[in-house]
Amino acid sequence: MMTTRGWGSLCGLLWLVSAGGCRFGPPNAEDYGPTSGAEDSSGSMGPVPSESTPSGEPTDGSPGSGGAGSSGSAGSSGSAGSSGTAGSSGTAGSSGDGTVCGDGIVEGDEECDDGGESATCDADCTEATCGDGTYNASYGEQCDDGGESMTCNADCTVSACGDGIVNAAAGEDCDVTAETARCDSDCTAVLCGDGTLNLTAGEQCDDGGESMTCDADCTPAMCGDTTPNMAAGEDCDDGGESATCDADCTSAMCGDATLNATAGEDCDDGGESATCDVDCTLPVCGDGTYNASFGEECDDGGPTMACDGDCTLASCGDGLVNMAAGEACDDGGESAACNVNCTLSMCGDGITNMTAGESCDDMGDSALCDADCTPAMCGDATPNMAAAEQCDDGGESATCDGDCTLSMCGDGTTNGTAGEQCDDMGESAACDGDCTLAQCGDGVINGTAGEQCDDGIQTAACDGDCTPAMCGDLYVNGEAGETCDDGNMDPTDGCDNCVADIPPSCQFVNGYNWCYNPAACGEACNDVCAALGLTPVADTVGWFNAQNDQAECDALAAAFGMPGTSMNSYTYACLEDGTGLHTVNPLEGNLLCSTYAPCPTNHLTTMDNQGIACGDANSRRSICPCE
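These remarks concern the structure in this document. (Residues numbered from 1 in each chain as written. Predicted model: local features only at pLDDT ≥ 70, side-chain atom pairs only at ≥ 80, totals over all residues. Heavy atoms only, no water.)

**Quick word on the overall build of the protein**
What counts here: The helix and strand labels rest on DSSP assignments: H or I over at least four residues marks a helix, E over at least two residues marks a strand, and numbering proceeds from the N terminus. Summary of the burial criterion: residues with accessible area below 20% of their type's maximum are buried, those above 50% are exposed, and those between are partly exposed, where the area comes from a 1.4 Å probe applied to protein chains only. The contact definition used throughout considers only heavy atoms, calling two residues in contact when any of these lie within 4.5 Å. Calculation of accessible area relied on Shrake-Rupley with a 1.4 Å probe; when residues are assessed, cover is drawn exclusively from the protein chains displayed.
Across its full length, the protein carries five helices and seven strands. When the helices and strands of the protein are listed from N to C terminus, the series reads α-β-β-β-β-α-α-α-β-β-α-β. Burial analysis of the protein (627 residues in total) assigns 33% to the buried set. Summarising the internal contacts of the protein: among those between residues at least 6 apart in sequence, 25% fall at separations of at least 24. Entry remark: accessible area of the protein is about 31,600 Å², with carbon and sulfur atoms responsible for 55%.

As structure tokens, then:
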């Protein structure tokens, strides 16, 4: 390192060569040419040497002996090199006078030059000093931020809590290796509420303020410690029961289920109970505090219009006469002497009292009630004009309908006593205009029911279905001389002009040609009719209805000269004769007729004793409607 005395000797030698002056000390930053305004990292302006021309002259015309070399710009740390300081790599550039930092030769403005960083010299050729802002590991530095920083202490060691060095820039208030009464383990000043537990300072807990387990004074939260702690659920803490605070550190309040005699409570069940009123006094009927749990329905502090003296509601029907409530009587409900509304019972008072024998009470005669308090009812044998009765014979009579109107055919009310079978207020499909049931054959023509004629029976002019008799209408009318009616006039189809060409074994009865096959026994109807060149009638319902009552069966037996009949729900016999030899008489025994509706369909293909020949004593013949 060049001393002041060295600089003086050098200056004396140079004086002989140059008439210029000489300074007696190392060069200063201001000895360099004008700066360009560059700032170091601390914000101060550092020297920025001017760029030299190829001839070594500065571009601004100032002397070039102190200017920085072409590579001597400031480094990233912002501090300028005294003679062309190092860039971001820390390597010094050459000065304008040819000085090179790091060449191991001290020259120019260099304080030292050990050919790089050493224990005494920084890489920028300045003396190694802690706090110069140049990190020098060889000098023993762990860091060097040019003074105290968040990461580096003033002695160039890395900042860490517990290193014994207080570093305010790193946020330390103090620095000890272990907590003390004045310093927390995190190097902050001891303060109750800082969130750092310091037992040495007398803290029992520290949650950074009041918490569920720690009071604000850093003592454990405990009800009764006289320190209210809202976070621990305390409303108050008076160190025990007081007029405003319960022993459990909740605010003294009637209804909180905590008895507080100091606050004047006799009891506290958390609300009304059988042993405690809602105001925390003992329940007593007449205390003016209603307590349903105690069995009170009311409590007005004594009898009133709404409440009895026994704390039950004043109510008509409770069996207690309460004059203040306007009761004239109270028998615990309706009685012969007392109405349900606790007024004295009297017919005509407008209150129906069944116990007193009243069915109704409209305060006199009305449309619904008689004056004797019985209901106005058609059929009670008491005409009531207010109830719109025209008559009342105690029920239907020849002159009075059951609805208490005068009986008249056509009034819409069927009156059997007056001889009516129906009454549709005139002719209808179901009822004739004379109030008899509409029925073909009743002798009354009912056009609404579709009748075109009705002679009471089938006549030559009127078919049995109440349509005019006409050959070709498909209805065989024997009274009109028809023995068949196939709806056409073809003389070759077995029915010519409504006269059937039928074999001798056929008889026209009940509107059908009934036939048997004289040449065979044991045949069902399909075979019987086919043997005669005919077919069974297609209308099996008509077939069934032509033989299913006794009169029809008798007519058929008479037509075939049979001695009697047998009516039953036969499966196939509609019709059949009895069993026997058929070699002498064509038909044997009684005629069998069926009341079983499916019988005609069954008899088309099946019969009793089917297939048994006529010479067998068990043989039968079918008698079938053929056309």
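Don't stop here, the text continues.
**Details of the nonpolar core**
For clarity, the cut-off: Only buried residues count toward a nonpolar core, which is a set of Ala, Val, Leu, Ile, Met, Phe, Trp, Tyr and Cys residues joined through side-chain atoms within 4.5 Å.
W514, W543, F560, M562, L575, L591 and I623 are the most contacted members of the largest nonpolar core, which has 29 residues in total. Elements that contribute at least two residues to this core include exactly strand 3 (506–509), strand 4 (512–515), helix 2 (525–531), helix 4 (550–559), strand 6 (591–594) and strand 7 (624–626). With residues near it in sequence (within four places) discarded, L591 still touches C553, L556, A557, M562, G564, T565, S566, L575, E576 and I623.

**Regarding the environment of L313**
Along the chain, L313 falls in the loop between helix 1 (4–17) and strand 1 (495–496). Residues L313 and E296 lie 17 residues apart in sequence; the distance between their C-alpha atoms is 8.6 Å. Aside from chain neighbours lying at most four places away, what touches L313 is E297, C298, A306, D308 and D318.

**Concerning the packing of aromatic side chains**
Let me state the cut-off plainly: Pairs were defined over the aromatic rings of Phe, Tyr and Trp, the Trp ring being its six-membered one, requiring ring centres within 6.5 Å. Orientation was assigned from the angle between planes: stacked under 30 degrees, edge-to-face over 60, tilted for the rest.
Under the definition given, this model contains two aromatic pairs. The interplanar angle of 80° and the centroid separation of 6.4 Å between the aromatic rings of Y512 and W514 together place this pair among those described as edge-to-face. Exposure class is identical for Y512 and W514. Each is buried.

**A word on unusual backbone geometry**
The amide bond that connects C574 to the next residue, L575, takes the cis arrangement and shows omega of 25°. Secondary-structure assignment places L575 in the loop between strand 5 (565–568) and strand 6. A positive phi is found at C466, a non-glycine position, where the angle reads about 65°. Relative to the elements of secondary structure, C466 occurs in the loop between helix 1 and strand 1.

**Some details on the state of the cysteines**
Just so we agree on the cut-off: Only a pair of cysteine sulfur atoms within 2.5 Å counts as a disulfide in this structure description.
Per the counting criterion, the structure on display carries 31 disulfides. Covalently, C174 is tied to C183 through a disulfide, its sulfur atoms 1.9 Å apart. Of note, the bridge from C174 to C183 carries an S-S torsion of about 90° and is right-handed in sense. The disulfide partner of C378 is C404, and the S-S distance across this bridge is 2.0 Å. Taking the sign of the torsion about the S-S bond as the criterion, the disulfide between C378 and C404, at about 105°, is right-handed. One end of the pair, C378, is in the loop between helix 1 and strand 1; the other, C404, is in the loop between helix 1 and strand 1, and 26 residues separate them in sequence. Note on C404: relative accessible area 2%, which makes it buried.

**Description of the side chain of D423**
This is how the line gets drawn: By the counting scheme adopted, Arg and Lys are positive, Glu and Asp are negative, and His together with the chain ends is not counted. Any Lys or Arg side-chain nitrogen found within 4 Å of a carboxyl oxygen on Asp or Glu counts as a salt bridge. Counted as a polar contact is a pair of N or O atoms within 3.5 Å, where, for protein atoms, one must be capable of donating a hydrogen and the other of accepting one, and residues adjacent in sequence contribute only when both atoms are in side chains.
The residue D423 is located in the loop between helix 1 and strand 1 in this model. Buried charge without a salt bridge: D423, with R620 as the nearest opposite-charge side chain at an N-O distance of 51 Å. Of the polar contacts made by the side chain of D423, one reaches the backbone nitrogen of D411; its length is 3.3 Å. Reaching out from D423, the side chain makes a polar contact with the backbone nitrogen of M425 at a distance of 3.1 Å.

**Looking at a negative patch on the surface**
Which entries qualify depends on this criterion: For patches, a residue must show more than 30% relative accessible area and have no salt bridge; joins then use 9 Å for like charges and 5 Å for nonpolar side chains, namely Val, Leu, Ile, Met, Phe, Trp and Tyr. Lysine's charge is taken at NZ, arginine's at CZ, aspartate's at CG and glutamate's at CD.
Together, D490, D493, D496 and D501 make up a region of like negative charge exposed at the surface. On the basis of relative accessibility, which here comes to 34%, the residue D493 falls in the partly exposed class.

**Concerning the environment of S335**
Within the secondary structure, S335 is located in the loop between helix 1 and strand 1. In contact with S335, not counting residues within four places along its chain, are N353 and T355. Only 2.6 Å separates the side chain of S335 from the side chain of D331, close enough to count as a polar contact.

**Remarks on the environment of V106**
For V106, the position within the fold is in the loop between helix 1 and strand 1. Judged by relative accessible area, V106 falls into the partly exposed class, the value being 38%. Each C-alpha atom, one on V106 and one on C125, is 8.3 Å from the other, the two residues being 19 residues apart in sequence. For V106, the contacting residues outside a window of four places in its chain are C112 and D113.

**Quick notes on the sheet that holds strand 7**
Inclusion rule: Strands pair, by our definition, only if DSSP identifies at least two bridges between them. Only C-alpha atoms enter the line fits that serve as axes; for helices the fit covers just the stretch in contact. Angles between N-to-C directions range over 0 to 180 degrees.
Pairing is antiparallel in the open sheet, where three strands are placed in the order 3-4-7. Strands with a single pairing partner mark the edges of an open sheet, and in this sheet they are strand 3 and strand 7. Pairwise comparison of adjacent strand axes, ignoring direction, gives a mean angle of 45° for this sheet. As defined by bridge partners, strand 4 adjoins strand 7 across three bridges and the pair is classed as antiparallel. Considered in strand 7, the bridge of W514 is made with P625.

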